[in-house]
Amino acid sequence: YRKAADQEHAGAQCKLGLLYYQGQGVSQSSKKAAVWFRKAADQGHAGAQFNLGAMYDQGQGVPQSYKEALVWYRKAADQGVAEAQCNLGFMYKQGQGLPQNFKKALVWYRK
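This report concerns the structure included in the present document. (Residues numbered from 1 in each chain as written. Predicted model: local features only at pLDDT ≥ 70, side-chain atom pairs only at ≥ 80, totals over all residues. Heavy atoms only, no water.)

### Re the overall build of the protein
Piece 1. Of the regular secondary structure elements, the protein holds 7 helices and 0 strands.
Piece 2. The order of helices and strands in the protein, counted from the N terminus, is α-α-α-α-α-α-α.
Piece 3. Relative to a compact globule of 111 residues, whose C-alpha radius of gyration would be 13 Å, the protein shows 14 Å and is just as compact.
Piece 4. When burial is assessed residue by residue, the protein has 41% of its 111 residues classed as buried.
Piece 5. For the protein, long-range pairs separated by at least 24 residues make up 36% of all intrachain contacts whose partners lie at least 6 apart in sequence.
Piece 6. Accessible area of the protein: about 6,200 Å², with a carbon and sulfur share of 50%.
Piece 7. Computed over 15 positive and 7 negative side-chain charges, the inter-centroid distance for the protein is 5 Å. (Helix = DSSP H or I, 4+ residues; strand = E, 2+ residues; numbered from the N terminus. Rg over C-alpha atoms; globule rule 2.2 N^0.38 Å. Buried < 20%, exposed > 50% of the residue type's maximum accessible area, 1.4 Å probe, protein only. Contact = heavy atoms within 4.5 Å. Areas by Shrake-Rupley, 256 points an atom, 1.4 Å probe, with all protein chains shown as cover. Lys, Arg positive; Asp, Glu negative; His and termini not counted. Charge placed at Lys NZ, Arg CZ, Asp CG, Glu CD.)

Below you can see the structure in the form of structure tokens.
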């Protein structure tokens, strides 16, 4: 995956991020995972956008930031990633990183 990732292949970048996140075949590193997810996410890879959002949500490999999590979850959700849509609903329901809004939460939960 590394060779393809170095050649800007978004799918390979996301997969390499997962390998670092899980420590499969490489030393586990949330920071390196976040770097590879970001490269793929910046190219529009929905899975990487979701993964990067989750890392910001939980503060793994990056500083914890609900606002950044929202940005990346929204990009993934707009591409149809159900987990991102669900997480957006939860964040609206809880008021994490934005004002609490039950109507918007329901909209995201229903997608």
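### Looking at helix 6 (residues 82–94)
Piece 1. With 13 residues, helix 6 should reach 18 Å at 1.5 Å per residue; the first-to-last C-alpha distance of 18 Å fits that figure.
Piece 2. Taken together, the buried positions of helix 6 are occupied by A84, Q85, L88, G89, M91 and Y92. One side of helix 6 carries all its buried residues, which in axial view fall inside an arc of 165°.
Piece 3. Packing partners of the buried residues in helix 6 comprise helix 4 (46–58), helix 5 (66–78) and helix 7 (102–110).
Piece 4. Positive phi shows up at G95, right after helix 6, with a value of about 75°. (Expected span 1.5 Å × (residues − 1). Arc of directions from axis to C-beta.)

### Brief notes about the state of the cysteines
Piece 1. Summed over all chains, the structure comprises 0 disulfides.
Piece 2. Between C14, a free cysteine, and C86, which holds the nearest cysteine sulfur, the sulfur-to-sulfur gap is 19 Å.
Piece 3. For C86, a relative accessible area of 39% translates into the label partly exposed. (Disulfide = S-S within 2.5 Å.)

### A look at the pattern of salt bridges
Piece 1. Inspection of every chain in the model, using the stated rule, returns 2 salt bridges.
Piece 2. The salt bridge involving D6 is made with R2; its shortest N-O contact spans 3.2 Å. Of the two residues, D6 and R2 are both situated in helix 1 (residues 2–6); the distance of 4 residues between them amounts to about one turn of the helix.
Piece 3. For D6, a relative accessible area of 44% corresponds to the partly exposed category.
Piece 4. You can call R2 partly exposed: its relative accessible area is 43%. (Salt bridge = Lys/Arg side-chain N within 4 Å of Asp/Glu carboxyl O.)

### Describing the environment of Q49
Piece 1. Assignment of secondary structure puts Q49 in helix 4.
Piece 2. Separated by 59 residues in the primary sequence, Q49 and W108 place their C-alpha atoms 17 Å from one another.
Piece 3. Other than its neighbours up to four places away in sequence, Q49 contacts A41, G44, W72, Y73, K75, A76 and Q79.

### What about the environment of Q60?
Piece 1. In this structure, Q60 sits in the loop between helix 4 and helix 5.
Piece 2. For Q60, a relative accessible area of 27% puts it in the partly exposed group.
Piece 3. In this structure the C-alpha to C-alpha distance between Q60 and S29, which are 31 residues apart in sequence, comes to 9.5 Å.
Piece 4. Excluding residues that lie within four positions of it along the chain, Q60 makes contacts with Y21, S30 and M55.

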